[in-house]
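# Structural overview
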Amino acid sequence: MQSVHRRVLPGFSLSLGYTVFYLTLLVLIPLGACFLKASSLSFDAFWAAVWTERARAAYRLTFGASLAAAALNAVLGLLIAWVLVRYTFPLKRLFDALIDLPFALPTAVAGLVYSNLYVPTGWLGRFLVPLGIEGAYSRLGIVLVLTFTGFPFVVRTVQPVLESFDAEVEEAAAILGANRWQTFCRVLLPALIPSLLTGFALAFARALGEYGSVVFVSGNLPFKTEIAPVLIVARLEEFAYSEATAIAVVLLVLSFAMLALINLLERWSKRHGS
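Rules behind the numbers
- Residues numbered from 1 in each chain as written.
- Predicted model: local features only at pLDDT ≥ 70, side-chain atom pairs only at ≥ 80, totals over all residues.
- Heavy atoms only, no water.
- Helix = DSSP H or I, 4+ residues; strand = E, 2+ residues; numbered from the N terminus.
- Buried < 20%, exposed > 50% of the residue type's maximum accessible area, 1.4 Å probe, protein only.
- Contact = heavy atoms within 4.5 Å.
- Areas by Shrake-Rupley, 256 points an atom, 1.4 Å probe, with all protein chains shown as cover.
- Lys, Arg positive; Asp, Glu negative; His and termini not counted.
- Charge placed at Lys NZ, Arg CZ, Asp CG, Glu CD.
- Salt bridge = Lys/Arg side-chain N within 4 Å of Asp/Glu carboxyl O.
- pLDDT = per-residue confidence, 0-100.
- Phe/Tyr/Trp six-rings, centres within 6.5 Å; stacked < 30°, edge-to-face > 60°.
- Core = buried A, V, L, I, M, F, W, Y, C linked by side-chain atoms within 4.5 Å.
- Expected span 1.5 Å × (residues − 1).
- Arc of directions from axis to C-beta.

## Focus: the overall build of the chain
Helices and strands together make up the secondary structure of the chain, namely 13 helices and zero strands. What you see in the chain, going N to C, is helices and strands ordered as α-α-α-α-α-α-α-α-α-α-α-α-α. Taken along its principal axes, the extent of the C-alpha atoms in the chain is 75 × 65 × 30 Å. For the chain, the residues scored as buried account for 37% of the 274 residues in total. Within the chain, residue pairs in contact and separated by at least 24 positions form 76% of the contacts whose partners lie at least 6 positions apart. Counting every atom, the chain has about 16600 Å² of accessible surface; 69% of that belongs to carbon and sulfur. In the chain, 20 side chains carry a positive charge and 16 a negative one; their mean positions are 3 Å apart.

## Structural notes on the pattern of salt bridges
Inspection of every chain in the model, using the stated rule, returns five salt bridges. When the shortest N-O distance is used, the salt bridge between E226 and R54 registers 2.7 Å. With E226 in the loop between α11 (214-217) and α12 (228-237) and R54 in helix α3 (residues 53-86), the pair connects residues that are 172 residues apart, well separated along the chain. E226 sits in the buried class, given a relative accessible area of 4%. Across the pair R206 and E210 runs a salt bridge, and its minimum N-O distance is 2.4 Å.

## Observations concerning the confidence of the model for the chain
Summary statistics for the chain give a mean pLDDT of 87 and a share of 95% for residues scoring 70 or more. Mean pLDDT values over the elements of the chain span from 78, in helix α9 (residues 167-175), up to 94, in α3.

## A closer look at the packing of aromatic side chains
Using the criterion set out here, one finds twelve aromatic pairs in the structure. For the ring pair F63 and F204, a centre distance of 6.3 Å and an interplane angle of 45° mean the geometry is tilted. Of this pair, F63 sits in helix α3 while F204 sits in helix α10 (residues 180-208); the two residues are 141 residues apart in sequence, bridging distant segments of the chain. The class for F63 is buried, based on a relative accessible area of 10%.

## Section: the nonpolar core
In terms of nonpolar packing, the biggest core is built from 31 residues, with I142, L146 and V158 touching the most fellow members. Mapped onto this core, the elements with two or more residues apiece are α3, α6 (107-118), α8 (139-164), α10 and α11. By residue number, the principal contributor to this core is α8, which donates ten residues. Dropping the residues within four chain positions of it, I142 is found in contact with L61, A65, V214, V217, S218, T225 and I227. By size, the runner-up hydrophobic cluster in this structure holds 27 residues, among which are A38, L208, A228 and V249.

## Remarks on α6
Helix length check: α6, at twelve residues, gives a terminal C-alpha distance of 17 Å against a target of 16 Å (1.5 Å per residue), a fit within 8%. Considered for burial, the residues of α6 that qualify are T107, A110, G111, Y114, S115 and Y118. Mapping the buried residues of α6 onto a view down its axis gives an arc of 125°, with all of them on the same face. Structurally, α6 contributes buried residues whose contacts are with α7 (125-128), α8, α10 and α11.

## Comments concerning unusual backbone geometry
Backbone geometry places L91, a non-glycine residue, at a positive phi of 60°. By secondary structure assignment, the location of L91 is in the loop between α3 and α4 (92-98). With phi around 75°, F223 is a residue other than glycine that occupies positive phi space. Note on placement: F223 falls in the loop between α11 and α12.

Written as structure tokens, this is what we have:
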């Protein structure tokens, strides 16, 4: 008698078909169109479009600012998640809800607010600019807004892991003579690294594609504060569609490579941390 293997959730084939269909429609086709448009250029024309001095400066700023913002988010996100999970204080639920504000707030609003705060006449700029700290129309301003738009990813990935920790493990470490710092570094941190890397990757990916907030706070000066998405828009405004698509392809390839490297590090940390 032939055995029949039933799945717990029926409709697997249908749901998989819908998933592949929408993934193809929303992701694969636009990406394929991007590569197809860029392929209309010859290799020399493609290289001339994507490897100018202005483009290289935009790549460096885009990836450098995104990495710096993601690293800040990893530290700040861990700290905020720790406070929200381990401590009880007034208006805790309100502060926890405010973590998701960058998800709901239009990024252009964030860029306008940051630029108004850090200009020489702004609430913060009037104190920081005399000290030589320029948070508007500078690279620092770009890192600040990218940190703002990306930090919820780290908090929301680390928070459930902290909530799942058993207090008895920390008590056992204390009984064995470990102080608080040793308990954190040797007991808690190894289990937190995979979620931290996940949050870091999400914040990094979010920062790479950010445009709305940066365009208001950076000043968009070529070779100084111009990021790659702004350069793509500049090429589109010049009706150089193939050149703009070529720059987008380079950004896509570099982004995929960086995310693949981060995912490999995440898998390695899970394998060696278990």
